[in-house]
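Listed below, chain by chain, are the residues.
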Amino acid sequence: MQGWSNSPLTESGIADADKAANKLKDFDFAAAYCSDTTRAQMTAQRILDANEASGHVRPQLMSDMHFREQFYGYFEGQDMGVAWTAAGGPHGAKNYNDIVEKYGLGATRDFLKEADPFHDAESDAEYWVRVEAGFALIASNPMLKDGDDVLQISHGNTLLSLMHRFAPEGYDLSERPANGSVTVLDFDTTKPIEEAVSVISYNQ
């Protein structure tokens, strides 16, 4: 479980970043945002390199902690299976998918915070306050206008959480999105967050 841990991309991760870069090379990005973790910054730089090489103006990359992955507290750096068993066990759930099936995705965060001996892991409420502040950061950019494409590099569990919250029926959310995949969201900055985000495509 990496969470906020600041690990660089592996060779496989670099290949995944380049795969995403190839898919996004023809977009004209008006702005670019990423998590302030090294792995997200490296991914964003490689995407913007390919985009610029295709003739597009390179936007300034804004790195910010609001786009980080979920914070796993005491469980950061530990085996994922062990962590989710510790979180779900007291509630009769044997793993991550079992927690989601029985209690919903938000419970994975609340149960992990409860299982953390220091209770440092983010609760569901704490997590969404932070993520929503990231959307507010994008919305506050005075240079953006309606219809602009914005690049936003985040993390798998965050993307899955957004899908659980905002996606209509018809998406398979039983597995995390693939590394290097592209998801397209429409963000209407004039609406409250509950109505502002809609899913155009997922895990492409």
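Residues numbered from 1 in each chain as written. Predicted model: local features only at pLDDT ≥ 70, side-chain atom pairs only at ≥ 80, totals over all residues. Heavy atoms only, no water.

Per an unreviewed UniProt entry, the protein chain goes by the name Phosphoglycerate mutase and belongs to Bifidobacterium catenulatum DSM 16992 = JCM 1194 = LMG 11043.

### Observations concerning the sheet that holds strand E2 (residues 61-64)
Put simply, the rule reads: Strand pairing is assigned whenever DSSP identifies at least 2 bridges connecting the two strands. Per the convention used, a helix needs a DSSP run of H or I reaching at least four residues, while a strand needs a run of E reaching at least two, with both numbered from the N terminus. Comment: axis = line fitted to C-alpha atoms, over the contacting stretch for helices; angle = value between 0 and 180 degrees taken between N-to-C directions. When checking whether two residues touch, look at their non-hydrogen atoms; a contact exists if any pair is within 4.5 Å.
Taken in spatial order, the 3 strands make up an open sheet running E2-E1-E3, and their pairing is parallel. The open sheet is flanked by E2 and strand E3 (149-153), the only strands paired with a single partner. Strand-to-strand twist in this sheet, taken as the mean axis angle between neighbours without regard to direction, amounts to 20°. Seen against the sheet, helix H2 (residues 38-53) touches strand E1 (29-35), E2 and E3 and runs at an angle of roughly 160° to E1.

### Some thoughts on the nonpolar core
Heads up, the condition is: Take the buried residues of types Ala, Val, Leu, Ile, Met, Phe, Trp, Tyr and Cys, join any two whose side-chain atoms come within 4.5 Å, and each joined set is a nonpolar core. Residue exposure (1.4 Å probe, protein chains only): buried if accessible area is under 20% of the type maximum, exposed if over 50%, otherwise partly exposed.
Grouped together as the largest cluster of nonpolar side chains are 21 residues, with contacts concentrated most on Met1, Trp84, Ile99 and Leu112. Elements that contribute at least two residues to this core include exactly helix H3 (80-88), helix H4 (96-103), helix H5 (105-115) and helix H7 (156-166). Here this core takes 4 residues from H5, the largest share from any one element. What Trp84 contacts, discounting residues up to four positions off in sequence, is Met1, Gln70, Tyr72, Gly89, Asn95, Tyr96, Ile99, Thr108 and Leu112. The next biggest cluster of nonpolar side chains, apart from the first, holds 14 residues, and it includes Ala21, Phe29, Ala32 and Leu151.

### With respect to the side chain of His56
As a reminder, the rule being used: Polar contacts here mean pairs of N or O atoms no more than 3.5 Å apart (in protein, one a potential hydrogen donor and the other a potential acceptor; neighbouring residues in sequence count only if both atoms are side-chain atoms).
Position of His56 relative to the elements: it lies in the loop between H2 and E2. On the accessibility criterion, His56 (17% relative accessible area) is buried. Within polar-contact distance, the side chain of His56 engages the backbone oxygen of Asp26 at 3.4 Å. Excluding residues that lie within four positions of it along the chain, His56 makes contacts with Lys25, Asp26, Phe27, Asp28 and Asn51.

### Focus on the pattern of salt bridges
Operational definition: The salt bridge criterion pairs a side-chain nitrogen of Lys or Arg with a carboxyl oxygen of Asp or Glu, the two atoms within 4 Å.
Under the defined criterion, the tally for this structure stands at 14 salt bridges. Here Glu52 and Arg58 are joined by a salt bridge, their closest N and O atoms 3.0 Å apart. Residues Lys113 and Glu126 are paired through a salt bridge, measuring 3.2 Å at the closest nitrogen-oxygen approach. Of this pair, Lys113 sits in helix H5 while Glu126 is found in helix H6 (residues 124-139), placing the two residues 13 residues apart along the sequence.

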